[in-house]
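Survey of secondary and tertiary structure
Residue strings, one per chain:
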Amino acid sequence: MLSSLTIQDFVIVDKLDLQFDAGMSVLSGETGAGKSILIDALSLCLGARADASQVREGSERANITAVFELNPAAQAILDEQSIDCSEGELHLRRAIDSAGRSKAYVNGTPVPASLLKQLSETLIDIHGQHAFQTLAKPGEQLRLLDDFAQLGSLLEPVNQRYKILRQAEKHLQQAQSSQNERAARLENLHWKLDLLDKVGPKAGEWETLSADFDRLSHGAELIEGTQAANAALTDNEGAVLDQLSHLIQQLGALASRDGQLESVVKNLTDGEILLREASYELAHYIKHTDLDPDTLAEVESRMALWHDTARKLRLPPELLHEELALVRAEIQGLEEGFDVERLQLELKKAEDAYTTAAHQLTQARLGAAKALSTAVTQSMQSLNMQGGQFVVEVQPGPASATGSDVIEFRVAGHPGVTPQPIQKVASGGELARISLAITVNTVTSTPVPTLIFDEVDSGIGGAVAETVGKYLRQLAGNKQVLCVTHLPQVAAQGHHHFKVSKDIASGTTRSQIRRLDKNERVQEVARMLGGVSISEATRTAASEMIESAGA
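Residues numbered from 1 in each chain as written. Predicted model: local features only at pLDDT ≥ 70, side-chain atom pairs only at ≥ 80, totals over all residues. Heavy atoms only, no water.

As for the packing of aromatic side chains
Taken as a whole, this structure holds 4 aromatic pairs when the rule is applied. Each ring, one from Phe 20 and one from Phe 498, has its centre 5.3 Å from the other, and the planes form 45°; the classification is tilted. Of the two residues, Phe 20 is situated in the loop between strand S2 (13–19) and strand S3 (24–29) and Phe 498 in strand S14 (residues 496–505); the sequence distance between them amounts to 478 residues. Classification of Phe 498 as buried rests on a relative accessible area of 2%. When the centroid spacing of 5.2 Å and the interplanar angle of 70° are considered together, the rings of Phe 390 and Phe 409 count as edge-to-face. Of this pair, Phe 390 sits in strand S9 (residues 389–400) while Phe 409 sits in strand S10 (residues 403–412), and the two are 19 residues apart along the sequence. (Phe/Tyr/Trp six-rings, centres within 6.5 Å; stacked < 30°, edge-to-face > 60°. Helix = DSSP H or I, 4+ residues; strand = E, 2+ residues; numbered from the N terminus. Buried < 20%, exposed > 50% of the residue type's maximum accessible area, 1.4 Å probe, protein only.)

Thoughts on helix H1 (residues 37–45)
Of all the 9 residues making up H1, 8 are buried; the element is thus mostly covered by neighbouring parts of the structure. Within H1, burial applies to Ile 37, Leu 38, Ile 39, Ala 41, Leu 42, Ser 43, Leu 44 and Cys 45. Once H1 ends, the next one or two residues include Gly 47, with phi positive near 100°.

Brief notes about the nonpolar core
Counting residues in hydrophobic clusters, the biggest one holds 52 residues, and the most contacted among them are Phe 390, Phe 409 and Ile 438. Those residues within four positions of Phe 390 in sequence are excluded, and the remaining contacts are Leu 372, Ser 373, Val 376, Thr 377, Met 380, Phe 409, Arg 410, Val 411, Ile 434 and Ile 438. Of all hydrophobic cores here, the second largest spans 45 residues; its members include Phe 10, Leu 16, Leu 18 and Leu 123. (Core = buried A, V, L, I, M, F, W, Y, C linked by side-chain atoms within 4.5 Å. Contact = heavy atoms within 4.5 Å.)

Let's talk about the sheet that holds S2
The sheet built from 6 strands is open, its strands ordered S2-S1-S4-S5-S6-S7 with antiparallel pairing. Bordering the open sheet on either side are S2 and strand S7 (109–111), each of which pairs with just one other strand. Direction aside, the axes of adjacent strands within the sheet are offset by 15° on average. When strand S4 (residues 61–69) meets strand S5 (residues 89–97), the two strands line up antiparallel, connected through 9 bridges. By the bridge assignment, Ala 62 is partnered in S5 with Ile 96. Packed on one face of the sheet, helix H3 (residues 113–120) meets S5, strand S6 (102–106) and S7 and runs near 50° to S6. (Pairing = 2+ DSSP bridges. Axes fitted to C-alpha atoms, helices over the stretch in contact; angles between N-to-C directions.)

Some points on the sheet that holds S10
Taking strand neighbours across the sheet as the criterion, the 3 strands line up as S9-S10-S11 in an open arrangement whose pairing is antiparallel. The open sheet has two free edges, formed respectively by S9 and strand S11 (420–421), since each of these has just one partner strand. In the sheet, S9 pairs with S10 via 9 bridges, with the strands oriented antiparallel. In the strand pairing of S10, Val 394 is matched with Ile 407. Across the face of the sheet, helix H4 (residues 138–149) comes into contact with S9 and S10 while running at roughly 95° to S10. Where helix H13 (residues 340–382) meets the sheet, it contacts S9 and S10, and its direction lies at approximately 165° from that of S9.

Topic: the pairing of S14
Within a regular strand, side chains alternate between the sheet's two faces. The pairing of S3 with S14 spans 5 bridges and is parallel. Its bridge partner lying in S14, Ser 28 is registered against Lys 499. Alignment of S14 against strand S15 (residues 508–515), held across 8 bridges, turns out to be antiparallel. By the bridge assignment for S15, Lys 502 is matched with Ser 511.

Side note on the pairing of strand S12 (residues 450–454)
Along S12, 5 of the 5 residues are buried, which leaves the element largely enclosed by surrounding structure. Residue alternation in S12 divides its side chains into two sets, Thr 450, Ile 452 and Asp 454 and Leu 451 and Phe 453, and both sets are buried. Alignment of S12 against strand S13 (residues 480–484), held across 5 bridges, turns out to be parallel. When the sheet's bridge partners are listed, Leu 451 is paired in S13 with Val 481.

Focus on the pattern of salt bridges
Taken as a whole and assessed by the stated rule, the structure comprises 28 salt bridges. Ionic pairing is found between Arg 302 and Glu 205, a salt bridge with its closest N-O pair at 2.8 Å. Taken together, the positions of Arg 302 in helix H11 (residues 293–313) and Glu 205 in helix H7 (residues 205–216) put the pair 97 residues apart, joining distant regions of the chain. Using a relative accessible area of 18% as the deciding quantity, one classes Glu 205 as buried. Glu 466 is paired through a salt bridge with Lys 470; the nearest N and O atoms lie 3.6 Å apart. Residue Glu 466 and its partner Lys 470 are located together in helix H15 (residues 462–475), separated by 4 residues, close to a single helical turn. Each of Glu 30, Lys 499, Glu 524 and Arg 527 takes part in salt bridges that share partners, so that together they form one network. (Salt bridge = Lys/Arg side-chain N within 4 Å of Asp/Glu carboxyl O.)

Printed below as a string of structure tokens:
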């Protein structure tokens, strides 16, 4: 529910601070006084487009703040955005500077205007005086019927299954339309695969081959060098190990006379052990190493195959094993894509799932169409359209995200007349009344707590106007209703009354909105009844009208 609205420097309003209660609140005033300014300001807080012209002339910026009681749907959105709402109130603020730039805030947190729009769907439903113009749109007729029947739980699976259906159709179409392109791509990939399979590259193999080639191509040098080193250690006259052994014996004898030499003898002994181990390793290397020319030829041949394949594929040799994996994966994907039969089966499965969900939705709509037709037809009788009839037709249509139905509102304004599409009803007054009848019977299904009617009573009067007022008051039994009206019969039905007035001082125009007390309210309804000159009889009539409404 809307608790308060604060407006500052907006259009011709310098400052307003309005408090709202439950029930039906009426806003009235002279033509041009700015009755719709409140609706426009509230719309900005709910994410409407901002404009520099909305800033009061001479002001730097306009500020509008709307405070709502928090409801579970809005609470869920705030929780998702991690916005604090511990105080149980929802503060929406919109600031617009003179350059047209705007900022939006929710409970003091800066947010995009799109979040205000998202929240607005849980807070307020606004019905304008030209609402009947949208009734001619099939999409709006479908929305109204679904809202009336509260079919959200059936719409969601239809929407999801429609997406799956469209995806299945797309995959099959792509497979069928691009088979030639895929065939050419597969031919190229199989050529690559044949080249790579001949090589059979494995991760790390190229690095091993390169190391082996470097070793084998220097085989003679390696053998000659290692043999010479081993001979120097053990075989040659005056071998290093023989000399070291003799040296250790000499110093060992001297160390028995001077203990300071013992560490020297120990280090030389350790060195002798290491040299003998090196000699053993050299001997093992010379005896067992594979450095023959045949092995080198095999490595050279394998490296040549790698080089040739890499050149044909325009890749570094070390990447051949990765290319093999990529080629195999792409071939698998394309060959699966060629499985048109499998894709056709998947499409049939998606079609069956969608048809089942859409059929359930259609059955629910058929039942809701009868109920809405009956309810609106009954309302038309009290809106001076005796004998009129309203019919909601549900016809088969193409598959879509909202089902496979075409909804059409048909109306007969008089008895004995065949119902025609609502857009063909000639009378604007009839359209306004039918629109109101539909609105009254559908808004009760909306979950939002606040309903705003901006001169929806335009084009009607007399007893019909009184009926309209009673309808709106009836809605206020479980919804908060705000109504901008120029009809005294409607204004008299309100629980609360606000008057909009316009003052001109020093060449500046300002609009004011204030809540009326009981006597002021009688005066205002009398003005709406009698115009500029208000007689005592008119005041009496106004007072009786208000009292009879129970306001």
